[in-house]
Amino acid sequence: MASSWIAYNELAWTEDLLADPSDYESEAGGYVDLIKGNALHAPGTLLHLGCGAGGYDAVFKRHFAVTGVDISRGMLDKPVGVLLVAGKTREIFSDNNFAYTGEQGDLHVTLLENNHINRHCPDTYEAVLVYLIRRRGKLTLHTERHVLGLFPQEAWEKVFTDAGLTMQEADLDGAYDKYLLGGGAYPLKIFTGRKG
C-alpha cells in the first residue's frame, strides 16, 4: 500500500535540500558497524525498509548490495540476515520541535516539525510538518499530520523474541540534536536482531 503523505510524495524532493549527504555519514556508518558486528557471516546484501529519499543508501552501498524496499516473504526469511531498527521507545520519548533549512539558487526550504504525545492516545505520537517553500521570493505553505506508533521497550523486545531473533540494543544519541529547537536531546534506540 503506497503512502499518500505529501512528505513522501510531492515534497520528497526537499530532502536533498534539507539534509546534506555528509550528514548521513556518521549515523549510517554506525549502522554498518552494528550490522557487521551482529552478523554470523559477512553480509553481502542489505534490505533497507523505509529508505526514504535514500540518503543512508549512499553509505550502505559501499558495504552491501542494497535493496531499497521489499515486502517479499523470501527476503524476510533470509536465515543469516541481521535486522536493524532505529526507533523510539515510550520511556525515552518526549515532545520535541525541530527546524531544518536548505537552499539552492533562488529556492529556499524550511521544514518545522512538531512531535507530540497525545495523552488520550499514549501508544501514538503526532508528527506535524510545516513546509515553508520560497521560489524566487514567492512563498508556499504545506502542512501535514502523521500519527505514528509509540511502544514501550517491552513491546520491542517481544516483537524480536516472537520473530525468533536474538536482540541487541544500543543508544543512538545526538544524531538529530542539532535540529532541535530550544536545546535538549533526541535519544533513539537501535535494535539489532539475528536468527538463532
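These figures come from a predicted structure and were not determined experimentally. (Residues numbered from 1 in each chain as written. Predicted model: local features only at pLDDT ≥ 70, side-chain atom pairs only at ≥ 80, totals over all residues. Heavy atoms only, no water.)

Some points on the environment of proline 43
Our working rule: In this description a helix means any DSSP run of H or I spanning at least four residues, a strand means any run of E spanning at least two, and both kinds are numbered starting from the N terminus. Relative accessibility decides the category of a residue: with a 1.4 Å probe and only protein chains considered, values under 20% of the type maximum give buried, values over 50% give exposed, and everything between is partly exposed.
With respect to the helices and strands, proline 43 occurs in the loop between helix H2 (21-38) and strand E1 (45-47). A residue is classified by how much of its surface remains accessible, and proline 43, at 22% relative accessible area, is partly exposed. In this structure, the C-alpha to C-alpha distance between proline 43 and phenylalanine 64, residues 21 residues apart in sequence, is 7.1 Å.

Examining the packing of aromatic side chains
Condition: Only Phe, Tyr and Trp rings take part, Trp by its six-membered ring, and two of them pair if their centres are within 6.5 Å. Stacked means planes under 30 degrees apart, edge-to-face means over 60, and tilted covers everything else.
Scanning all chains against the criterion turns up seven aromatic pairs. Their ring planes at 15 degrees and their centres at 6.3 Å tell us that phenylalanine 98 and tyrosine 100 sit as a pair that is stacked. Between phenylalanine 160 and phenylalanine 191, the ring centres sit 6.1 Å apart and the planes meet at 50 degrees, which makes this aromatic pair tilted. Residue phenylalanine 160 is located in helix H5 (residues 153-162), and its partner phenylalanine 191 is located in strand E9 (residues 188-195); the two are separated by 31 residues in the primary sequence. As far as the burial class goes, phenylalanine 160 and phenylalanine 191 line up, both buried. Linked through ring pairs, Phe98, Tyr100, Tyr176, Tyr179 and Tyr186 together constitute an aromatic cluster.

Remarks on the pattern of salt bridges
Counted only if it meets this: The rule for a salt bridge is simple: a side-chain nitrogen of Lys or Arg has to be within 4 Å of a carboxyl oxygen of Asp or Glu.
This model, assessed by the stated rule, comprises seven salt bridges. Across the salt bridge formed by glutamate 126 and arginine 145, the nearest N and O atoms sit 2.8 Å from each other. Of this pair, glutamate 126 sits in strand E6 (residues 124-135) while arginine 145 sits in strand E7 (residues 138-149); the two residues are 19 residues apart in sequence, bridging distant segments of the chain. Note on glutamate 126: relative accessible area 17%, which makes it buried. As a salt-bridge pair, lysine 158 and aspartate 162 come within 2.5 Å of each other at their nearest N and O atoms. Within this pair, lysine 158 and its partner aspartate 162 are both found in helix H5, separated by four residues, close to a single helical turn. Neither lysine 158 nor aspartate 162 differs from the other in exposure class; each is exposed. Taken together, the shared-partner salt bridges connect Glu169, Asp171 and Lys189 into one network.

A closer look at the sheet that holds strand E5 (residues 107-116)
Going by this rule: Two strands are said to pair when DSSP picks up at least two bridges between them. Working convention: axes come from line fits to C-alpha atoms, limited for helices to the stretch in contact. Angles between N-to-C directions cover 0 to 180 degrees.
With antiparallel pairing, four strands are arranged side by side in an open sheet as E4-E5-E6-E7. Two strands in the sheet have a free side with no partner beyond their single neighbour: strand E4 (96-104) and E7. Adjacent strand axes in the sheet meet at a mean angle of 15 degrees, parallel and antiparallel pairs treated alike. Inspection of the sheet shows E5 paired to E6 by ten bridges, in the antiparallel sense. Opposite threonine 110, over in E6, you have leucine 132 as the bridge partner.

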